[in-house]
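What follows is the residue order along each chain.
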There are 2 protein chains.
Amino acid sequence: MEELTSIHNQHVKDWKKLSTKKFRKQTGYYLLDGWHLVNEAVHAGVAIHQLIGTADQLDEHRELFDDAKAVYAVTPEIMKHITDTVTPQGIAAVVDLPDAHRVPTQPLTGAWLFLDRVQDPGNVGTMVRTADAAGFTGVVVGHRSADLFGPKVVRSMQGSQFHLQLFEGDLTKWIADFKENGAPVYGTQLNPQAKNFRDVHPGKTFALIMGNEGQGMSQELLTATSDNLYIPMRGEAESLNVAISAGILMFQLNQ
Amino acid sequence: MEELTSIHNQHVKDWKKLSTKKFRKQTGYYLLDGWHLVNEAVHAGVAIHQLIGTADQLDEHRELFDDAKAVYAVTPEIMKHITDTVTPQGIAAVVDLPDAHRVPTQPLTGAWLFLDRVQDPGNVGTMVRTADAAGFTGVVVGHRSADLFGPKVVRSMQGSQFHLQLFEGDLTKWIADFKENGAPVYGTQLNPQAKNFRDVHPGKTFALIMGNEGQGMSQELLTATSDNLYIPMRGEAESLNVAISAGILMFQLNQ
């Protein structure tokens, strides 16, 4: 165990830099902040490259040391510096960044969520967490969406990245792959001319696409789907939050 | 039209103080920030006591002046100071705080959402917005929940406060009132022994209760309901965000 007390230490600088996508890609690591996520990683059998904790927290959980390749005792100030959380729990871990561009296992089965330029990290993370709860198999994030392993997305996912398959990629290709396999792909549209979401009853394998918070799905993708769905709104509200819509749709489609 | 350039002006101080519940109660006013909310208020026929804008914004929308009792041209700095938004649109309005403790019209009909100690303002606002979209009649916020007219709740409601009835009150009494009228009241519980939400089909009048983010509903209220509902989760996720759960339940119950 190494003790670190300065935020100018190279390790501390590196942990802080893991909040940037560039440094995550460069190193192949990302940071888990807090007990829930660290425990989820251990439970999932994910390798803990570096376990970082305040003296108090490390003392109380010596059993974790067996799972970690290196352990660092740091000050509460360092913890706050690297996690960017108002009241950090005093524990964090550096783990492998999954290869989101790997070739998925064929044939594609199960329920999948595709995200088309969803930009709010909280929305992306909440949708991954909800997909997990709805029994989805995977989530594919298209270009120009919030990065799956940024600090805010990781916080909102609450460990669901260990339960389902996550990919980044070209949604046009993913849609074509599903359709080639005979699986329906449902777009979503704020348009009463689209299909009422209560009228579709897919089998076990399908994909659902959610679009950008302000603009919705791109025209290009809307024309590539099997069907586009609409949630009929009865009040005077003009729209639903994208993560709320996703929750309603996922629990309806994957019964 | 009065021009204000100092953040030390008494009006500016008062607008800033409207971000506190105490001052809202004391004055009977709250603040709407941005075009969408100001337009919703005008559309709903709500009196605009004070219209506050940057010179640019006021110039472009002189038609609004007829609806406002007083108009103030302010600097972008003042706008930022009073709205606490990173990039304010340059328009705000002071309107009447609804009396959330008024006696509701009897008999109570339609679908209602009750919030039991929901503390995150974004969750409260998003649930009000979703209730509106799901065609609900009203929302009742119990004690120790985020205040309905705080800045973050108002931002998340996106104008839905003008479309449905909002109350604050003792949920025990509200539950008793509904049950006396023969209307079911559904609690929610993270407990697979509770009733599957897909198995209830209420009529037009019912209430749904959502609980605190961490602790769920209070034991006292759970024993006072007609039935408690559960959303079966198929993945390994342990829970859903409360606003997501509310969305799934409201769109299921109020078809």
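Quick caveat: nothing in here was measured; it's all calculated off a predicted structure. (Residues numbered from 1 in each chain as written. Chains lettered and ligands numbered in written order. Predicted model: local features only at pLDDT ≥ 70, side-chain atom pairs only at ≥ 80, totals over all residues. Heavy atoms only, no water.)

Attention now goes to the overall build of chain A. Looking only at helices and strands, one finds 10 helices and 12 strands in chain A. In summary, chain A has a C-alpha radius of gyration of 20 Å against a globular reference of 18 Å for 255 residues, a match within 12%. Along the three orthogonal principal directions, the C-alpha set of chain A runs to about 60 × 40 × 30 Å. When the 255 residues of chain A are sorted by exposure, 55% land in the buried category. Within chain A, residue pairs in contact and separated by at least 24 positions form 76% of the contacts whose partners lie at least 6 positions apart. As displayed, chain A offers around 11,400 Å² of accessible surface, 47% of which is attributable to carbon and sulfur atoms. The distance from the centre of the 22 positive side-chain charges to the centre of the 29 negative ones in chain A is 5 Å. (Helix = DSSP H or I, 4+ residues; strand = E, 2+ residues; numbered from the N terminus. Rg over C-alpha atoms; globule rule 2.2 N^0.38 Å. Buried < 20%, exposed > 50% of the residue type's maximum accessible area, 1.4 Å probe, protein only. Contact = heavy atoms within 4.5 Å. Areas by Shrake-Rupley, 256 points an atom, 1.4 Å probe, with all protein chains shown as cover. Lys, Arg positive; Asp, Glu negative; His and termini not counted. Charge placed at Lys NZ, Arg CZ, Asp CG, Glu CD.)

Time to look at the relation of the copies chain B and chain A. Mapping chain B onto chain A leaves a residual RMSD of 0.0 Å; the transformation is a rotation of 180 degrees accompanied by 0.0 Å of translation along its axis. Here the copies are linked by what is in effect a two-fold axis. Same-surface contact between copies: 100% of interface residues of chain B are shared with the interface of chain A. (Least-squares fit on C-alpha atoms with pLDDT ≥ 70 in both.)

Further remarks concern the interface of chain B and chain A. With 31 residues of chain B at the interface, the matching set in chain A holds 31 residues. Across the chain B to chain A interface the summed buried area is about 2,600 Å²; carbon plus sulfur atoms make up 54%. At the junction of chain B and chain A, the tally comes to zero salt bridges. Linking chain B with chain A are 11 residue pairs in polar contact (both at pLDDT 80 or more), by the criterion used here. Broken down by secondary-structure element, the contributors of at least two residues to the side of chain B that touches chain A are α3 (35-43), α6 (121-133) and α10 (242-253) of chain B. Among the elements that take part in the side of chain B that touches chain A, α10 of chain B stands out by supplying six residues, more than any other. When grouped by side-chain class, the residues that make up the side of chain B that touches chain A number 11 nonpolar, 13 polar and seven charged. (Buried area = accessible area lost by both parts, 1.4 Å probe. Salt bridge = Lys/Arg side-chain N within 4 Å of Asp/Glu carboxyl O. Polar contact = N/O pair within 3.5 Å; in protein donor to acceptor, adjacent residues only side chain to side chain. Nonpolar A, V, L, I, M, F, W, Y, C, P; charged D, E, K, R; others polar.)

Okay, helix α5 (residues 76-83) of chain A next. All names here are of chain A. All of the buried residues along α5 are Ile-78, Met-79, Ile-82 and Thr-83. Taken around the axis of α5, the buried residues stretch over an arc of 115 degrees, which confines them to a single face. The exposed set on the far side of α5, more than 90 degrees from its buried face, consists of Pro-76 and Glu-77. Positive backbone phi, approximately 60 degrees, marks Asp-84, located one or two places after α5. (Arc of directions from axis to C-beta.)

Using the residue numbers shown here, the UniProt feature "domain: RNA 2-O ribose methyltransferase substrate binding" (unreviewed entry) corresponds to residues 31-101 of chain A. With 32% helix and 28% strand, residues 31-101 of chain A has its two end C-alpha atoms placed 19 Å apart. (UniProt positions renumbered as here; feature names shortened; annotations may be inferred.)

This paragraph deals with the side chain of Asp-116 of chain B. Looking at where Asp-116 of chain B falls in the secondary structure, it is placed in the loop between β6 (111-115) and α6. Filtering out sequence-adjacent residues up to four positions away, Asp-116 of chain B remains in contact with Ser-145, Leu-171, Ile-209, Met-210, Gly-211, Asn-212, Gly-216, Met-217, Ser-218 and Leu-221 of chain B.

What follows concerns helix α8 (residues 171-180) of chain A. Spacing of three or four residues puts side chains on the same side of an α-helix, whose turn is 3.6 residues. Residues and elements named next belong to chain A. Residues of α8 that are buried: Leu-171, Trp-174, Ile-175 and Phe-178. Buried residues in α8, looked at end-on, bunch into an arc of 100 degrees, giving them a common side. Facing away from the buried side of α8 by over 90 degrees, the exposed positions are Lys-173 and Glu-180. Taken together, the buried residues of α8 touch β6 (111-115), β7 (138-141), β8 (165-168), β9 (185-188), β11 (206-210) and α9 (219-222). Here α8 starts with a cap whose side-chain oxygen sits 2.9 Å from the backbone nitrogen of Thr-172, and that cap is Asp-170. After α8 finishes, the residue Gly-182 shows a positive phi value of roughly 80 degrees.

Pairs of aromatic rings are described using the distance from one ring centre to the other and the angle between the two planes. This model, assessed by the stated rule, comprises 20 aromatic pairs over all chains. Taking the centre distance of 6.0 Å and the plane angle of 70 degrees together, the rings of Phe-114 of chain B and Trp-174 of chain B count as edge-to-face. Here Phe-114 of chain B, found in strand β6, pairs with Trp-174 of chain B, found in helix α8 (residues 171-180); they are 60 residues apart in sequence, far enough to count as distant. Ring pairing ties together the aromatic residues Trp-112, Phe-114, Phe-167, Trp-174 and Phe-178 of chain A, which thus form one cluster. The ring of Phe-167 of chain A has Arg-102 of chain A sitting right over it, with the charged end atom 4.0 Å from the ring centre. (Phe/Tyr/Trp six-rings, centres within 6.5 Å; stacked < 30°, edge-to-face > 60°. Lys NZ or Arg CZ within 6 Å of the ring centre and 35° of its normal.)

All names here are of chain A. Once the domains are mapped, chain A shows domain 1 (2-96) and domain 2 (111-253). For domain 1 and domain 2, the distance between their C-alpha centres works out to 31 Å. With 15 residues of domain 1 at the interface, the matching set in domain 2 holds 12 residues. In this assembly, domain 1 packs against domain 2 so that about 1,100 Å² is buried in total across both faces, 57% of it on carbon and sulfur atoms. Our count for the domain 1 to domain 2 interface comes out at three salt bridges. The partner of Arg-24 in a salt bridge is Asp-147, and the shortest N-O contact between them spans 2.7 Å. (Domains from an automatic or database assignment.)

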